[in-house]
Amino acid sequence: EAGVVQSPRYKIIEKKQPVAFWCNPISGHNTLYWYLQNLGQGPELLIRYENEEAVDDSQLPKDRFSAERLKGVDSTLKIQPAELGDSAVYLCASSLSGGAETQYFGPGTRLLVL
Amino acid sequence: GDSVTQMEGPVTLSEEAFLTINCTYTATGYPSLFWYVQYPGEGLQLLLKATKADDKGSNKGFEATYRKETTSFHLEKGSVQVSDSAVYFCALSLSFGNEKLTFGTGTRLTIIP
């Protein structure tokens, strides 16, 4: 069974440019999460989807970040415009449902903003 | 707010040594507790979990016991191997509408032969 797929794995952009990350969760997983991991820190939740509905986006900086999961399967996270402080690893995870279900993580996208 | 405090790293041990990585938590409810591991170049993987007080999670020789009285979930292994070198994250999750994982800062473990 395929795991959580993320692309690209690495991205280098100049500040003020837009960038997008893509995630395909494990088949059948209804819940999808985007986390931000800064260097030397643990991941922090940005947004959680139940199917196509964003049920927790309280930590998403909505002035520059947006996300969508239109058909309740794969998801895209966008930053526009990117700032130097956005350099980090962006992790996608999925689970069968919410609650204490195990979350399965993708390998992440490492973003460097110059 | 809810938080997880992990033992500062990095930790370097010799092969076959005993391992303890301390983890304590603060939570407003009754969390589930997790240890995740991140091997070099890979994504986070669930190592073990416990969902209620006094539960013991175990996997691959690692163990952790949910201690409500000390709000702790320390990770232990009796004899570490070089292949255990990774970053270990302690995390908690509250159910009933608050399913996000709250992570500690991670502990980098290096095992030398």
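Here the structure is a predicted model, which is why all the values come from computation and not from measurement.

By definition, the strands of a sheet pair up through backbone hydrogen bonds, in either a parallel or an antiparallel sense. Residue and element names in this part refer to chain A. Here we have four strands laid out as an open sheet, ordered β1-β3-β8-β7, and antiparallel in their pairing. Bordering the open sheet on either side are β1 (5-7) and β7 (65-68), each of which pairs with just one other strand. Strand-to-strand twist across the sheet, computed as the mean angle between neighbouring axes with direction ignored, equals 15 degrees. Here five bridges tie strand β3 (residues 19-24) to strand β8 (residues 75-79), and the two strands are oriented antiparallel to one another. Bridge pairing in β8 links Val19 to Ile79.

Residue and element names in this part refer to chain A. The final tally for this structure, using the stated rule, is seven salt bridges over all chains. A salt bridge links Lys62 to Asp57, with the nearest nitrogen and oxygen atoms 3.8 Å apart. A salt bridge links Glu83 to Arg64; its shortest N-O distance comes to 3.3 Å. You can see Glu83 sitting in the loop between β8 and β9 (88-95) and its partner Arg64 sitting in the loop between β6 (53-56) and β7, a full 19 residues away along the chain. Residue class for Arg64 comes out buried when judged on its relative accessible area of 13%. Connected through salt bridges with shared partners, the residues Arg64, Glu83 and Asp86 form a single ionic network.

The subject of this paragraph is the state of the cysteines. Residues and elements named next belong to chain A. For the coordinates displayed, the defined rule picks out two disulfides over all chains. The disulfide bridge from Cys23 ends at Cys92, spanning 1.9 Å between sulfur atoms. Residues Cys23 and Cys92 are joined by a disulfide whose S-S torsion is about -70 degrees; by sign, that bridge is left-handed. Linking Cys23 in strand β3 with Cys92 in strand β9, this pair joins segments that are 69 residues apart in sequence. Classification of Cys92 as buried rests on a relative accessible area of 0%.

Residues and elements named next belong to chain B. An order of β3-β9-β8-β7 is seen for the four strands of this open sheet, with the pairing classed as antiparallel. In the strand order of this sheet, the two ends are held by β3 (19-21) and β7 (56-59), each with one partner. Along the sheet, successive strands turn relative to each other by an average axial angle of 15 degrees, direction set aside. Relative to strand β9 (residues 75-77), strand β8 (residues 62-65) runs antiparallel, the two being bridged by three bridges. Note that in β9 the partner of Glu63 across the bridge is Glu76.

The next subject is the side chain of Gln6(A). All names here are of chain A. If you trace the backbone, Gln6 turns up in strand β1. Separated by 3.0 Å, the side chain of Gln6 and the backbone oxygen of Tyr90 make a polar contact. Side-chain polar atoms of Gln6 contact the backbone nitrogen of Cys92, separated by 3.0 Å.

Turning our eyes to something else, we now look at the interface of chain B and chain A. Counting residues at the interface gives 19 residues for chain B, matched by 19 residues for chain A. Taken together, the connections running from chain B to chain A amount to zero salt bridges. Counting every contact that joins chain B to chain A gives four residue pairs in polar contact (both at pLDDT 80 or more). The set of elements that each furnish at least two residues to the side of chain B that touches chain A consists of β5 (32-38), β6 (44-50), β10 (86-93) and β11 (101-103) of chain B. Top element by residues in the side of chain B that touches chain A is β5(B). It accounts for four residues. A per-class count over the side of chain B that touches chain A returns seven nonpolar, nine polar and three charged.

The rules we used
Residues numbered from 1 in each chain as written. Chains lettered and ligands numbered in written order. Predicted model: local features only at pLDDT ≥ 70, side-chain atom pairs only at ≥ 80, totals over all residues. Heavy atoms only, no water. Pairing = 2+ DSSP bridges. Helix = DSSP H or I, 4+ residues; strand = E, 2+ residues; numbered from the N terminus. Axes fitted to C-alpha atoms, helices over the stretch in contact; angles between N-to-C directions. Salt bridge = Lys/Arg side-chain N within 4 Å of Asp/Glu carboxyl O. Buried < 20%, exposed > 50% of the residue type's maximum accessible area, 1.4 Å probe, protein only. Disulfide = S-S within 2.5 Å. Polar contact = N/O pair within 3.5 Å; in protein donor to acceptor, adjacent residues only side chain to side chain. Contact = heavy atoms within 4.5 Å. Nonpolar A, V, L, I, M, F, W, Y, C, P; charged D, E, K, R; others polar.

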